[in-house]
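Architecture at a glance
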Amino acid sequence: MFIAHLLKIAPPPIFSHEPHPPLASQNSSTVLNELKCVVCSNIVTQPLELPCRKLACTRCVVERVAASSPVCPCCSEDSTLVPTGIRPAPNAIVILLKDVLVQCAECHRDVKAGCYEEHECTPSLTLVEEREAAALLKRAISTSPDQGIIQLPTGGTPMTFMHVTKARHPTSAACSRTVKTRCSEMQTARSIVSGGEPSDLMKKEVLTLSDEERKSLLQKAGITNVAIDSAQVLAIKAGLAIPWNKMRLLRRWLKTSGVSLAGEERMRHICRRIVGDNLKGEMALFSFPHTSGGEELRGAPLVYIPDLVQKVVDLLEENERTGRLTWHDGVIPVSEIWLKLGGDKGGGSFKMNFQIVNVAAPNSVHNTCVFCCFEAGDTVTNLHIALDRYKDQVTHLQGMKWRQYTLKLFMCGDYEFLTRMYGLSGANVRGQAPPRTFETICADHQHYIASGVGKKEAQHFYNCITEPIFNIPISQVCPPGLHITLGIFTKIYGLLEDQCHTFDLELAMYSREDAHSSFSTYSQVLQKLRMLQAELELAHKSYDALQQMATYASLVVGEKDPVTMDFFKQCEDKMTSLKQLETEVANCTATVKKGFSVKDGPFVKELDSALQSIGVHRQQYFGGAFIGNHVHKALKNFINEAQTCALEQAIGQFMGFFRKSFPEATVPIKMHILEDHATPWANSTHVGFGLLGEQGAESIHAKFTRLGLAYTAVTDKGCTQTIETVEWMYPSIALVEYATSRI
């Protein structure tokens, strides 16, 4: 019963009969002495408090009682271990025992006293065992075919052993041969630990260091300067459009941070070698409007790529080498490469460009290569001056073989540009024209030349007044979807704005607005004018009556009579008042005739709010034009048969709405293209207006403007040629690096 009582009051863990090994403490000796068992002299486990307030293991007390020796080993022999004198150890002792660290004398591991009973004790190797194990490992490593690396099976993940020479001296004091051996051993070890990726592991190791440690490491290694070679610096210069003078400033600034750039002379040499004769610049004669009317020829910068065919081939090879060529899931036949030519004037210069359609983003700025640029208007004369040099090259590109593919050329641009490229003075105005082809346009032009008539009679020859510049079939001319949409938006908005303005004019008669706007001013003046006109009418009647009375009085009583003189005095006063009223009426009439700003009208203001509520926004500048990027995103690249039918129905419904809602409005040319040419184009090519549209040519203007700002110090031909040089150097950074490697 006594033993059962001891087991009952003993704290966990469960009582164990196995004797625990002796402990070597690492904690304070004073604390450990208080926590030792008075019987076994080890750290107490399952502690009990004896009558003398000392601690003992439950196991030790049970063993003494079982051995019929209930005398307390710490007190006098008269004290006995009786149940009423033994209590569980205080909670503070139990908590302290859980956290105190002790060292096992067998395995030499640090173990918390509270977990000591459960820890697995593996005795250390004896000296003989260590020598035997070392001999076995040495023999295995020396006979290993894997350069001193062995793997031993363990039943799970195998253990890897590698021979590493013990360092006798620090690396800073070792010879170069020893340092080389140590580096080789570390590289081998790093390869094993990293799973075959030592470089990645080394990068992670460096990243674990602080900034100061990394800086100190680079200084100790003598890597205080990072050098960027010529190809990379030239690619940076071209990609960021940095002029040479700013590159010098950048070079000086980076040098203070330990970064050195390649020399300017070397980069200029590479630039000249890459560009070579591929880019020409000259001052050419172009047509400009004369101040007194007519046209005059003046010199203007012209920069162009002489060999267009080679430029196209170079970019095709680059796209193939970098894996960017695509056929858009079968939309483009697998045996064809599509190439589109386009042009547009913006920012003071005309830019003729081409784009490879067989890439993921054919309309992107980076895929747009400008091959001819001049600072003049895009008149028919100027287009012939600049582009006639490419006539044979474009004919050669059409149907040219590259690798196993056939090139197919398309033409894109706004309506005015396309008509000039094909020698047309405008749309046909003689009713329904027969279906046009490139051949019929050339034939009509020949008939026009042979007839000897002027431009006024060109409509009889379907307006074919000049020869087409490029031989690209009409069926391969993409309708200008971007300009069609923007033009129709502007047309409808203008008609709606006119209707709203009419309502505003009627509303102005009754408006009581006090806001400071042209509409409020107009409304107030209009009401004042009506009041003044009524007052003027009454004043005229009153004046006429006074005149009659004065005339009658002069006949009856004489002109010198005071009554007659008083009537004449009233007539003079009334005449003065009439002149003042007439002046005010004239001023108000002029203000009313001037009208008010259309945008100030309440109905017109609500029109913009209504558009914004459905996600249509206009620019705050450029006369409130619609934003082209919004339209660009809406244009579809690909269109299937069902979508083509839906497009045809939508166009028909829209045109019916337009003619019904605005019966007096004319159908503009862009709306005509939408109605008569959009669906046939979609049926023949199975693509929308996005893939082969003119968006890329429109986007290039902003890039040229930014480049022009960077090169403001360069004038005339030099500026245009510099910008074109940057364009040549940066169709992509990869091309610059590839070309540099060939040099």
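Throughout what follows, the structure given in this document is the object of discussion. Residue positions are given per chain, counting from 1 as you read along its sequence in written order. For a predicted model such as this one, the threshold for reporting local features is a pLDDT of at least 70, and the threshold for listing and counting side-chain atom pairs is 80 or more; totals across whole chains, interfaces and linings nevertheless cover every residue. Where side-chain values are given, they derive from all heavy atoms of the structure, hydrogens and water being excluded.

1. Quick look at the overall build of the chain
If you tally the helices and strands in the chain, you get 26 helices and 17 strands. Burial classes follow relative accessibility: with a 1.4 Å probe on protein chains only, a residue under 20% of its type's maximum area counts as buried, one over 50% as exposed, and anything between as partly exposed. Across the 743 residues of the chain, 38% fall into the buried class. Long-range pairs, those at least 24 residues apart, make up 62% of the contacts in the chain with a sequence separation of at least 6. Calculation of accessible area relied on Shrake-Rupley with a 1.4 Å probe; when residues are assessed, cover is drawn exclusively from the protein chains displayed. When the accessible surface of the chain is split by element, carbon and sulfur atoms take 56% of a total near 42,800 Å². Only DSSP runs of H or I reaching four residues or more are called helices, and only runs of E reaching two or more are called strands; each is numbered from the N terminus. Any two residues whose heavy atoms approach within 4.5 Å are treated as being in contact.

2. Re the sheet that holds strand β4 (residues 87–88)
Strands were regarded as paired on the criterion that DSSP finds at least two bridges between them. The 3 strands are arranged β3-β2-β4 in an open sheet whose pairing can be described as antiparallel. Sheet topology places β3 (55–57) and β4 at the edges, where each strand pairs with a single neighbour. One ladder, built from 3 bridges, connects strand β2 (residues 47–49) with β3; its direction is antiparallel. By the bridge assignment for β3, Pro 47 is matched with Cys 57.

3. Some thoughts on the sheet that holds strand β12 (residues 295–304)
Sheet architecture is open: 7 strands sit in the order β11-β12-β15-β14-β13-β17-β16, paired in mixed fashion. The open sheet has two free edges, formed respectively by β11 (280–289) and β16 (401–402), since each of these has just one partner strand. One ladder, built from 6 bridges, connects strand β14 (residues 349–356) with strand β15 (residues 368–374); its direction is antiparallel. From the neighbouring strand, Gln 355 faces β15, where its bridge partner is Thr 368. Relative to the sheet, helix α13 (residues 380–387) contacts β11, β12, β14 and β15, its axis offset from that of β11 by approximately 165 degrees. For helices, the axis comes from a line fit to the C-alpha atoms of the stretch in contact; other axes are also lines fit to C-alpha atoms, and the angle between any two N-to-C directions lies between 0 and 180 degrees.

4. What to know about the packing of aromatic side chains
Stacked, tilted and edge-to-face pairs are distinguished by plane angle, under 30 degrees for stacked and over 60 for edge-to-face with tilted covering the rest, among Phe, Tyr and Trp rings (Trp via its six-membered ring) whose centres lie within 6.5 Å. Throughout the structure, instances matching the rule amount to 12 aromatic pairs. Judged by centre distance (5.0 Å) and plane angle (85 degrees), the rings of Phe 371 and Tyr 390 are edge-to-face. Linking Phe 371 in strand β15 with Tyr 390 in the loop between α13 and α14 (391–397), this pair joins segments that are 19 residues apart in sequence. For the pair shown, Phe 371 and Tyr 390 are each scored as buried. Every member of this aromatic cluster is reached through a ring pair, and the members are Phe 286, Phe 350, Phe 374 and Phe 417. To sit over a ring, a charge needs its Lys NZ or Arg CZ within 6 Å of the ring centre and within 35 degrees of the ring normal. Residue placement shows Arg 389 over the ring face of Tyr 304; its charged tip is 4.2 Å from the ring centre.

5. Digging into the pattern of salt bridges
Salt bridges are defined as contacts in which a side-chain nitrogen from Lys or Arg sits within 4 Å of a carboxyl oxygen from Asp or Glu. Following the criterion strictly, the structure yields 10 salt bridges and no others. The partner of Arg 214 in a salt bridge is Asp 211, and the shortest N-O contact between them spans 2.5 Å. In this pair, Arg 214 and Asp 211 both sit in helix α8 (residues 211–221), 3 residues apart, roughly one turn of the helix. Note on Asp 211: relative accessible area 57%, which makes it exposed. Note that Arg 324 is salt-bridged to Glu 318, the shortest N-O span being 3.0 Å.

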